[in-house]
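Chain by chain, the residues run as shown.
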Amino acid sequence: MNISIAVLPGDGIGVEVIKAAMRVVDDIARRFGHKITADYADVGWAAIDKYGTALPAETRQVCLASQAIFFGAVGLPDRDKTLPQAQRPERVALLELRKGLFANLRHVVLPPGLADRCPLKNELIKNGIDIMIIRELTGGLYYGQPQGIQGRAPDRTAVDTMAYSEHEIRRILKVGFETARKRKKKLLSVDKANILATSQLWRETATAMSKDYPDIQLEHIYVDNASMQLLRRASEFDVIVTENTFGDILSDEASMLAGSIGLVPSACLGEPDAHGKYAVPFYEPIHGSAPDIAGLNKANPVGSILTAAMMLRYTFGLAAEANAIEKATFAVLNEGRVLTGDLGGTASCSAVADAVIAAIRS
Ligand SMILES: NC(=O)c1ccc[n+]([C@@H]2O[C@H](COP(=O)([O-])OP(=O)(O)OC[C@H]3O[C@@H](n4cnc5c(N)ncnc54)[C@H](O)[C@@H]3O)[C@@H](O)[C@H]2O)c1
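Quantities reported herein were computed from a predicted structural model and do not represent experimental measurements.

Comments concerning the environment of V17
Its location among the elements puts V17 in helix 1 (residues 14-32). When its relative accessible area of 0% is taken as the criterion, V17 is described as buried. The spatial distance from the C-alpha of V17 to the C-alpha of R233 is 32 Å, given a sequence separation of 216 residues. If sequence neighbours within four positions are ignored, V17 has contacts with H287, A299, N300, P301, S304 and C349.

Quick look at the structure:
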């Protein structure tokens, strides 16, 4: 199979972790007989320094010509604060590249060998943690109109609007049901239907759609309860689907359960437009550019390696290849010999990639 990827390492540790993950991707492609075309392009400060903007036209072109975007991280706090908000790399690059991608998937797995890194007590996680969080990414409070601050101090009023159409709700729930179908056939839909109209429509829509998915056990939960239960019985969660703001908060809470921010992969996916054309899917580890460890070969590349596995599975339909990467990566983590500093080890970023490649070959 021919695979074309836009590779945007960006700033800080983005460069190291994407380099490590691409070595794993190249190895798996050779092993399974695929041809990878990886087009590297600048984004973030790497691009500002060359082109004066965090997302130059050259980079957009590369992305549009590719089947998937593989992204590291952008932003350097010391330099970001010299720019107005609207020109900062995260704002410019992420908003633009994720346009139209309404489904944000975060896969939170605690490898059993790293149970001690999880902030929860061992008795609460003895059955493991493997949660897929599906967050709606293009609607809700962050985009609803009207939005803004009106009047004069000290009597100003601020307004944010939470709005969802049935179409927006249906398409993200569909991702939820279909993801659940490939996992344990359990879908937890998170809302605040006791208070919010958007949540009432969300719950009605989910209940109606569940008739088309008789094999999936649909459960509803209020968001406040979900945030508590996530800490009380994390092992029982499997696929969670929710709207933008709730998903933003719950996915950060859940990410902590993996043991390190450096372990969690993510994907942003869309649907075809009226002409059947997809926005280019976007894949990134959830962490930032970590300037405190950048350039030292200390960053944990696992989030990026697992992100690459998600890309192979979701965009290219290469389940066996994705499984091989995940199996090898978790074997390395569970064995506990080659771990980076965030997991209490001393291994380098490149040594972790070496170990994963060796585990794929063994
Ligand atoms: N999607 C993105 O590009 C993205 C996401 C978050 C933050 N950022 C940007 O990154 C910069 C730094 O942000 P921050 O410090 O708040 O968050 P961060 O995720 O970069 O770092 C937080 C802490 O986690 C550690 N860490 C993060 N990833 C790690 C990894 N793979 N291995 C080992 N340790 C890791 C860092 O060393 C740091 O101590 C900021 O400019 C921010 O705007 C970008």
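Section: the site of the ligand
Lining the immediate surroundings of the ligand are 23 residues, of which E90, G288, A290, D292 and N300 lie closest. Here V74 contributes a backbone N or O atom positioned 2.9 Å from an oxygen atom of the ligand. Measuring from an oxygen atom of the ligand, one finds a backbone N or O atom of A290 at 2.8 Å. When the ligand is considered free in solution it has 820 Å² of accessible area, and contact with the protein chains removes 73% of it. Contributions of two or more residues to the shell around the ligand are made by strand 3 (68-73), helix 4 (77-80) and helix 5 (89-97). A class-by-class count of the residues in the shell around the ligand yields 12 nonpolar, six polar and five charged.

Quick notes on the domain arrangement of the protein chain
Here the protein chain is described as being made up of domain 1 (1-106 + 264-362) and domain 2 (119-258). The interface is formed by 15 residues belonging to domain 1 together with 17 residues belonging to domain 2. Three residues stand out in domain 1 for area buried against domain 2, namely F102, N104 and R106, and they jointly supply 52% of the buried area on that side. The tally of links from domain 1 across to domain 2 stands at two salt bridges. Taking the shortest distance from any N to any O, the salt bridge between E271 and R171 comes out at 3.1 Å. Taken together, the connections running from domain 1 to domain 2 amount to eight residue pairs in polar contact (both at pLDDT 80 or more). Put simply, the parts of the chain that give the side of domain 1 that touches domain 2 at least two residues each are strand 4 (103-110) and helix 10 (302-314). Class assignment of the residues belonging to the side of domain 1 that touches domain 2 gives a composition of 10 nonpolar, two polar and three charged.

What to know about the environment of L250
Locating L250 in the fold gives a position in helix 9 (residues 244-255). Excluding anything up to four places from it in sequence, L250 contacts I133, V190, V223, A226, S227 and L230.

Details of the pattern of salt bridges
Scanning all chains against the criterion turns up 22 salt bridges. When the shortest N-O distance is used, the salt bridge between D191 and R203 registers 2.9 Å. With a gap of 12 residues between them, D191 in strand 8 (residues 186-191) and R203 in helix 7 (residues 197-209) connect regions that are remote in the sequence. In this structure D191 comes out as buried when scored by relative accessible area, which is 1%. Between R337 and E335 there is a salt bridge whose closest N-O contact spans 3.5 Å. One salt-bridge network, in which partners are shared between bridges, spans D27, R30, R31 and R361.

Thoughts on the packing of aromatic side chains
One pass over the full model with this rule turns up three aromatic pairs. With centroids separated by 4.9 Å and ring planes inclined at 45 degrees, the aromatic side chains of F71 and F282 adopt a geometry described as tilted. Of the two residues, F71 is situated in strand 3 and F282 in strand 12 (residues 282-285); the sequence distance between them amounts to 211 residues. Pair check on accessibility: F71 and F282 agree, each one buried. Ring geometry for F177 versus Y213: centroids 4.5 Å apart, planes at 5 degrees, classification stacked. With F177 in helix 6 (residues 166-182) and Y213 in the loop between helix 7 and strand 9 (217-222), the pair connects residues that are 36 residues apart, well separated along the chain.

Describing the sheet that holds strand 2 (residues 35-40)
The sheet built from 10 strands is open, its strands ordered 2-1-3-12-11-4-5-10-8-9 with mixed pairing. Of all strands in the sheet, those with a lone pairing partner are strand 2 and strand 9, marking the two edges. With direction set aside, neighbouring strand axes in the sheet form an average angle of 20 degrees. Pairing of strand 8 with strand 9 involves six bridges; the strand directions are parallel. The residue of strand 9 that forms the bridge with L187 is L218.

A few points about the packing of helix 1 against helix 12 (residues 349-361)
It is at 9 Å that the axes of helix 1 and helix 12 come closest, and there the two elements cross at 15 degrees. When the axes of helix 1 and helix 12 are compared, the pair comes out roughly parallel. Between helix 1 and helix 12 lies a crossing whose hand is right-handed. Between helix 1 and helix 12, the contacting residues are E16, V17, A20, R23, V24, D27, I28, R30 and R31 on the first element and C349, S350, A353, D354, V356, I357, I360 and R361 on the second. For the contact of helix 1 with helix 12, the class distribution of residues is nine nonpolar, one polar and seven charged.

Some words on the state of the cysteines
Counted according to the given criterion, the structure contains zero disulfides. A disulfide-free cysteine, C268 has its sulfur positioned 13 Å from the sulfur of C63, the nearest such atom.

Let's talk about the side chain of D238
The residue D238 is located in the loop between helix 8 (223-232) and strand 10 (239-242) in this model. Overall, the relative accessible area of 5% leaves D238 in the buried class. Filtering out sequence-adjacent residues up to four positions away, D238 remains in contact with D130, I131, M132, R183, K184 and K186.

Procedures and definitions
Here, residues in each chain are numbered from 1, in the same order as that chain's written sequence. Residues qualify for local features only when their pLDDT is at least 70, as the model is predicted, and side-chain atom pairs are given and counted only at 80 or more; totals for whole chains, interfaces and linings, by contrast, use all residues. Water and hydrogen atoms were dropped before computing side-chain values, which therefore reflect all heavy atoms in the structure. Here a helix means four or more residues in a row that DSSP labels H or I, a strand means two or more in a row labelled E, and each is numbered from the N terminus. We call a residue buried when its accessible area falls under 20% of the maximum for its residue type, exposed when it is over 50%, and partly exposed in between, using a 1.4 Å probe and counting protein chains only. Contacts were defined at the residue level, with two residues in contact if any of their heavy atoms lie within 4.5 Å. Any residue with at least one heavy atom within 4 Å of a molecule or strand is counted as near it. Whenever two N or O atoms come within 3.5 Å, that pair is a polar contact, provided that in protein one can donate a hydrogen and the other can accept it, and provided that, for residues adjacent in sequence, both atoms are side-chain atoms. Each accessible area value is a Shrake-Rupley result obtained with a 1.4 Å probe; residue values ignore everything except the protein chains displayed when judging cover. Under this grouping Gly is polar, as are all residues other than the nonpolar Ala, Val, Leu, Ile, Met, Phe, Trp, Tyr, Cys and Pro and the charged Asp, Glu, Lys and Arg. For the domain bounds, the source is a domain assignment made automatically or taken from a database. Computed with a 1.4 Å rolling probe, the buried area is the accessible surface lost when two parts are put together, summed over both parts. For this document, the term salt bridge refers to a Lys or Arg side-chain nitrogen within 4 Å of an Asp or Glu carboxyl oxygen. For this analysis, a ring pair means two rings from Phe, Tyr or Trp (six-membered ring only for Trp) whose centres lie within 6.5 Å, classed as stacked if their planes differ by under 30 degrees, edge-to-face if by over 60, and tilted for the remaining angles. Whether two strands pair comes down to DSSP finding at least two bridges between them. Every axis corresponds to a line fitted to the C-alpha atoms, with the helix fit spanning only the stretch in contact, and the corresponding angles, defined between N-to-C directions, vary from 0 to 180 degrees. The scheme is simple: roughly parallel for angles under 35 degrees, roughly antiparallel for over 145, roughly perpendicular for 65 to 115, oblique for anything else. Note on convention: the crossing is left-handed when the near helix lies turned anticlockwise from the far helix by less than a right angle, right-handed when the turn is clockwise. For this text, the term disulfide refers to a pair of cysteine sulfurs within 2.5 Å.

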